[in-house]
Structures are given as C-alpha cells and as structure tokens.
Amino acid sequence: MDAREAQCPYSWQHSKILHLVRHGQAMHNVEGDKNRVALLSPDLFDAQLSPLGLQQVAKLQKDVHANGLLNRIELVVTSPLSRAMQTAVGVFGSEGHTISTPNCPQIMAVEHCRDRLGVRPCDMRRKVSDCQSLFPSIDFSMMDGEDDNLWNPETRESGEELATRGTKLLKWLWTRPEKEIVVVSHGLVLQNLLTNLLGINDCNPSVGAALCKRFDHCELRSVVIVDKSKMGTDSSPSLRSDHQEDVLKQGSFQLIDFADFKNKVSLLAVA
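Below you will find a few notes about this structure. (Residues numbered from 1 in each chain as written. Predicted model: local features only at pLDDT ≥ 70, side-chain atom pairs only at ≥ 80, totals over all residues. Heavy atoms only, no water.)

**Focus on the environment of Gln25**
Mapped onto the fold, Gln25 is located in the loop between β1 (15-22) and α2 (27-34). Put simply, Gln25 and Asp216 are 191 residues apart on the chain and 8.9 Å apart in space, counted from C-alpha to C-alpha. Setting aside chain neighbours within four positions, we find Gln25 in contact with Val30, Leu49, Ser50, Leu52, Gly53, Gln56 and His217. Polar side-chain contacts of Gln25 include one of 2.5 Å to the side chain of Ser50. (Helix = DSSP H or I, 4+ residues; strand = E, 2+ residues; numbered from the N terminus. Contact = heavy atoms within 4.5 Å. Polar contact = N/O pair within 3.5 Å; in protein donor to acceptor, adjacent residues only side chain to side chain.)

**Brief notes about the pairing of β1**
With respect to burial, β1 is a largely interior element, eight of its eight residues being buried. With burial as the criterion, each face of β1 is covered, one bearing Ser15, Ile17, His19 and Val21 and the other bearing Lys16, Leu18, Leu20 and Arg22. Sheet topology places β1 next to strand β5 (residues 180-185); six bridges connect them, and they run parallel. Paired with Leu18 across the two strands is Ile181, which belongs to β5. (Buried < 20%, exposed > 50% of the residue type's maximum accessible area, 1.4 Å probe, protein only. Pairing = 2+ DSSP bridges.)

**Quick word on the nonpolar core**
Among the nonpolar cores identified, the biggest contains 27 residues, and Val76, Phe92, Ile138, Phe140 and Val184 are the most heavily contacted of them. At the level of secondary structure, the elements contributing two or more residues to this core comprise α3 (51-66), α4 (82-92), β3 (106-109), α5 (128-134) and β5. Contacts of Ile138, omitting those with residues within four sequence positions, involve Thr78, Met85, Val89, Ile107, Met108 and Ala109. Within the second largest apolar cluster, 22 residues are counted, among which are Leu18, Trp172, Leu193 and Val223. (Core = buried A, V, L, I, M, F, W, Y, C linked by side-chain atoms within 4.5 Å.)

**Quick word on the side chain of Glu111**
Among the secondary structure elements, Glu111 is positioned in the loop between β3 and α5. When its relative accessible area of 5% is taken as the criterion, Glu111 is described as buried. Polar contacts involving the side chain of Glu111 include one to the main-chain amide nitrogen of Asp144, which spans 3.4 Å. Ignoring anything within four residues of it in the chain, the contact list for Glu111 reads Pro80, Arg125, Met143, Asp144, Leu150 and Arg165.

**A word on the pattern of salt bridges**
Applying the stated criterion across every chain yields a total of 14 salt bridges. Across the pair Asp63 and Lys59 runs a salt bridge, and its minimum N-O distance is 3.1 Å. Of this pair, Asp63 and Lys59 both sit in helix α3, four residues apart, roughly one helical turn. Here Glu219 ties to Arg221 by a salt bridge, and the two come within 2.9 Å at their closest N and O atoms. In terms of burial, Glu219 and Arg221 fall into one category: buried. Ionic contacts of the salt-bridge type, sharing partners, join the residues Arg83, Asp115, Asp123 and Arg156 into one network. (Salt bridge = Lys/Arg side-chain N within 4 Å of Asp/Glu carboxyl O.)

**Some thoughts on the pairing of strand β2 (residues 75-78)**
Of the two faces of β2, both are covered, the one formed by Leu75 and Val77 as well as the one formed by Val76 and Thr78. Here four bridges tie β2 to β3, and the two strands are oriented parallel to one another. Counted as the bridge partner of Val77 is Met108 from β3. As paired elements, β2 and β5 share four bridges and run parallel to each other. Counted as the bridge partner of Leu75 is Ile181 from β5.

**What about the environment of Gly24?**
The residue Gly24 is located in the loop between β1 and α2 in this model. Classification of Gly24 as buried rests on a relative accessible area of 0%. When the C-alpha atoms of Gly24 and Cys218 are compared, they prove to be 4.8 Å apart, with 194 residues separating the residues in sequence. Those residues in contact with Gly24, other than ones at most four positions away along the chain, are Asn29, Leu49, Gly53, Gln56, Thr87, His217 and Cys218.

**What about α4?**
With eleven of its eleven residues buried, α4 lies for the most part within the structure. For α4, the full list of buried residues reads Ser82, Arg83, Ala84, Met85, Gln86, Thr87, Ala88, Val89, Gly90, Val91 and Phe92.

Remember, this is a structural readout, not a statement about activity or role.
Rendered as structure tokens:
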C-alpha cells in the first residue's frame, strides 16, 4: 500500500486524485484588465503567457518538484490554448527545465478543458500542426481536427454549454487508467466545473465558497473523485476546502458528499 492508499478513506482502486491548475497570467489578462474591449483584438489571438506568467510557472514548477508532487503524477491533461500548454510543459514537462526531470508524465491536449468558446480571438486555438511544432512533447491525438472548428466568431459559448463540456471532461477522466491526474485549464472552466459539482447537492456554504472561489493564476487545487457505488458506505465526514500550500504536501482526505453524478461519482477535498 502506497502513501496515497493509506491516506484515502475509500478503496484506492475506485478513486482518482485530480490536481486542477489555472494557467499563468497571459497577455490577454494584462490587456483585458486595462480595457475589456481589448479582448476582441485579433492581436491577442491564442494569447501567450506574460513575463509575470512565466515567473508564476517557474515558481509552481519549483514547488511541485520540492514537494514531490511531480513523482506522483501519471498524466497531465491540458487545454490546447498556448497559455495552458506553456504552463503544462513549464511546470510538469522537461523542456527548458534547469531541474533534471527524466520521468516526466505524459502531457495530452484535450479540447474539453479549453477556455470559453467563441467571439474572443484570445480563446481561439492554433492549427494542430502549429501546436505540434511549438510543443513537440505534447500528445495531440485527442484533438478535433487540424483547424479550430469549435470557435465561433459570432457566438459566445453559454454557461449551460460550458457546464455540459465540463461533465464530458469528468466522464472522460474517469475512464482513464491513471489514478493521479493534473488538469491545466482556465479559471472559468475550473471554477464552473467545481461549482456545478457542488451544486448537485446541499453542502456547507463555507466549504462551497472556499472550494469554488476564483482561481488565481498558476493556483493548484486538488480533489479526489470516488465511485461511491462500489464503496458500500454512506459516511459523510466534515467538510473543508484546500489551499495550494496544503495541496502540495501529502495530507489527509475528507469527504465532500454529493448526490448521484450520473455514474455515482462524488468528490473529496484534500485537507
């Protein structure tokens, strides 16, 4: 039994740890803070990390190495937008690292975890062939074609559509054989994912507010999803949220209990 199994109150074979990471600050964040209209500028197409964003990535990379998290990660799933892929490779990959990382996890680009679709050029992805040239260590086999056919210049993705996409992402993650997975995505996507999960069931409001608050750039939050249909338990321990400094060390797990989430998946917060 490894350290993760010893800490988890449920059978490890029916659980997965997800580490949710928002990308570092990107140029559209900088320009958008000055003037929201700037987000419509074609100059911000597939916005890349700002100088501060690169510093944030370097800091998180040092943290995950120092705390041993990198050694436990089996898969990194990233949005195919440049700012997310820069973050994924910069933190969990081996390219350009000053720290030796011979056993870096596989990094896979997945459309389900990209930013809100439509209208804003900063949220449109590059051609897959261009992405492959820029990020040769990333697996693009899950992409929906060479061109970005999901981005509509006239229509912004609705909240309901975003929530549906988040559900598809969770279902896909549940089918993966890996037990400890990083998801590098966007603040709204990650916040929406957690908010919709918590909204399925009544829970302590303070816990929901803490867990679902807006992500900072390069913030890492961890949850555990459990298939309770195979656990044979209805226990509901007390609830609490987590913070980056707590997530980056091996801690205990406490249940955030949910009603059925399609296939009876529920969520745990890392203490």
